[in-house]
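The lines below spell out each chain.
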Amino acid sequence: SGFIPYRDFFDMNMPGVYFINLLSAKIFGWSDLSFRVFDIVYLCVLSFFTFLWLKPFGKLTSVSGVLLFGLYYINETPYLILQREYFALLPFAVMLCLLIHKSNLSFGRILFFSGILTALTFLIKPHFIILSLPAIGIFIYENRLKLRKQLKYLVTGFSIPVIVFLLYLTFTGSLNSFLDIVFNRLYSS
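Residues numbered from 1 in each chain as written. Predicted model: local features only at pLDDT ≥ 70, side-chain atom pairs only at ≥ 80, totals over all residues. Heavy atoms only, no water.

Looking at where Ser174 falls in the secondary structure, it is placed in the loop between α8 (147-171) and α9 (175-186). For Ser174, a relative accessible area of 0% gives the class buried. In this structure the side chain of Ser174 is engaged in a polar contact, spanning 2.7 Å, whose partner is the side chain of Thr172. Leaving out residues up to four positions away in the same chain, Ser174 has contacts with Ile4, Pro5, Tyr6, Arg7 and Leu169. (Helix = DSSP H or I, 4+ residues; strand = E, 2+ residues; numbered from the N terminus. Buried < 20%, exposed > 50% of the residue type's maximum accessible area, 1.4 Å probe, protein only. Polar contact = N/O pair within 3.5 Å; in protein donor to acceptor, adjacent residues only side chain to side chain. Contact = heavy atoms within 4.5 Å.)

Turning to the nonpolar core, a few remarks are in order. Counting 31 residues, the largest nonpolar core has Phe87 and Met95 as the members making the most contacts within it. When residues of this core are traced back to their parent elements, those giving at least two are α1 (15-28), α2 (32-54), α5 (84-100), α6 (107-124) and α7 (129-142). Among the elements that line this core, the one with the most residues is α5, at 11 residues. Ignoring any residue separated from it by four or fewer positions in sequence, one finds Met95 in contact with Ser114, Leu117, Thr118, Ser132, Ala135 and Ile136. Core analysis: the next-biggest nonpolar cluster, separate from the first, contains eight residues, Phe165, Leu169, Ile181 and Val182 among them. (Core = buried A, V, L, I, M, F, W, Y, C linked by side-chain atoms within 4.5 Å.)

Written out as structure tokens, the structure is:
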């Protein structure tokens, strides 16, 4: 204990995974049962936001989507439990709720919060940005928003979690190690 990821040991996980596991352990404890309880609570929250996201497509679609994913996840739990992709689904589903539902929020605020949620998914599983950006692009296009004007909200929201992450790496002395892992070990040929 007391080891700092990237600086003290090689790891390919992004820091969002560590923070989710730390949050889970602080709230529920460090036992196997605690992680399972966290897993089920996470699934319930994810199911709620998935239902909200799918609701405009009809009740049958939203209920079916939640039930089918929940049953699949519970059936495949040994392979999927607490995986990065699973963790990234929650901020992604919340972002989709923001983009699809008409709310009292201004377009700028929707894009600001979408930027934060996109950054959170990126800090858990970077590949999720491939899913997030087209959804945001469709939102901007469908609402006839001026791209340049709205990008400032999106970029500002995205920057906040990324800056916090970079500050964490800097203060723990692990920034250089993290960059070395990303550029020289994971993606080198």
